[in-house]
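Here's the letter readout for the chains.
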Amino acid sequence: DVKDKDPLVDARRLIETKMEQFKVCEKETKTKTYSKEGLARQEKLDPAEVAKQKTTKWIADVIEKLNQLVEDREGGIERVSSGKGKKTN
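None of the values given here were measured: they were computed from a predicted structure.

K.L.:
Can you help me understand the overall build of the protein chain in this one?
P.N.:
For the protein chain, the count of helices and strands is 3 helices and 0 strands. Mapped in sequence order, the helices and strands of the protein chain form the string α-α-α. The buried share among the 89 residues of the protein chain stands at 3%. Per element, the accessible surface of the protein chain, about 9,000 Å² overall, is 58% carbon and sulfur.

Next up, the structure:
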């Protein structure tokens, strides 16, 4: 018989907590995308995910603007360089 049960009780609580966390994780993983729960979960995004999506969209917009700017500048360089051919008068 074990006289000091405190470590066993602590370990049991830790195991139960981890099992509950796993249960939640497993339920989220197994939820089908187009089920009622899956569609409802898509509508409820946590603030961190919303911020991540917002930042990702902003970065994509900035990259698009920079790419457009590069294309505009390259076109300007081509126009200027094509006008500077050898001219003899």
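K.L.:
Could you clarify how one ought to interpret a negative patch on the surface in this entry?
P.N.:
A surface patch of like charges, here negative, comprises Glu64, Glu71, Asp72, Glu74 and Glu78. Within the secondary structure, Glu64 sits in helix α3 (residues 47–82).

K.L.:
When you look at the pattern of salt bridges in this model, what are you seeing that I'm missing?
P.N.:
Opposite charge on two side chains permits them to pair, given that their charged atoms come into close proximity. Summed over all chains, the structure comprises 3 salt bridges. Residue Asp10 is joined to Arg13 by a salt bridge in which the shortest nitrogen-to-oxygen separation is 3.7 Å. One end of the pair is Asp10 and the other is Arg13, both in helix α1 (residues 6–30) and 3 residues apart, which spans about a single turn. Of the residues examined, Asp10 reaches a relative accessible area of 46% and is grouped as partly exposed. For Arg13, a relative accessible area of 52% gives the class exposed. Between Arg12 and Glu16 there is a salt bridge, with its nearest N and O atoms 3.2 Å apart. Of this pair, Arg12 and Glu16 are both found in helix α1, 4 residues apart, which corresponds to roughly one turn of the helix. Classification of Arg12 by relative accessible area gives exposed; the value is 57%.

K.L.:
Any chance you could explain the confidence of the model for the protein chain here in plain terms?
P.N.:
The predicted coordinates should not be examined in detail at positions where pLDDT is low. On average, residues of the protein chain score 85 in pLDDT, and 87% of them reach the 70 mark or higher. Summarising per-element confidence for the protein chain, the mean pLDDT is lowest in helix α2 (residues 36–43) (70) and highest in α1 (92).

What counts, and at which threshold
- Residues numbered from 1 in each chain as written.
- Predicted model: local features only at pLDDT ≥ 70, side-chain atom pairs only at ≥ 80, totals over all residues.
- Heavy atoms only, no water.
- Helix = DSSP H or I, 4+ residues; strand = E, 2+ residues; numbered from the N terminus.
- Buried < 20%, exposed > 50% of the residue type's maximum accessible area, 1.4 Å probe, protein only.
- Areas by Shrake-Rupley, 256 points an atom, 1.4 Å probe, with all protein chains shown as cover.
- Patch = residues over 30% accessible without salt bridge, like charges linked within 9 Å, V, L, I, M, F, W, Y side chains within 5 Å.
- Salt bridge = Lys/Arg side-chain N within 4 Å of Asp/Glu carboxyl O.
- Lys, Arg positive; Asp, Glu negative; His and termini not counted.
- Charge placed at Lys NZ, Arg CZ, Asp CG, Glu CD.
- pLDDT = per-residue confidence, 0-100.

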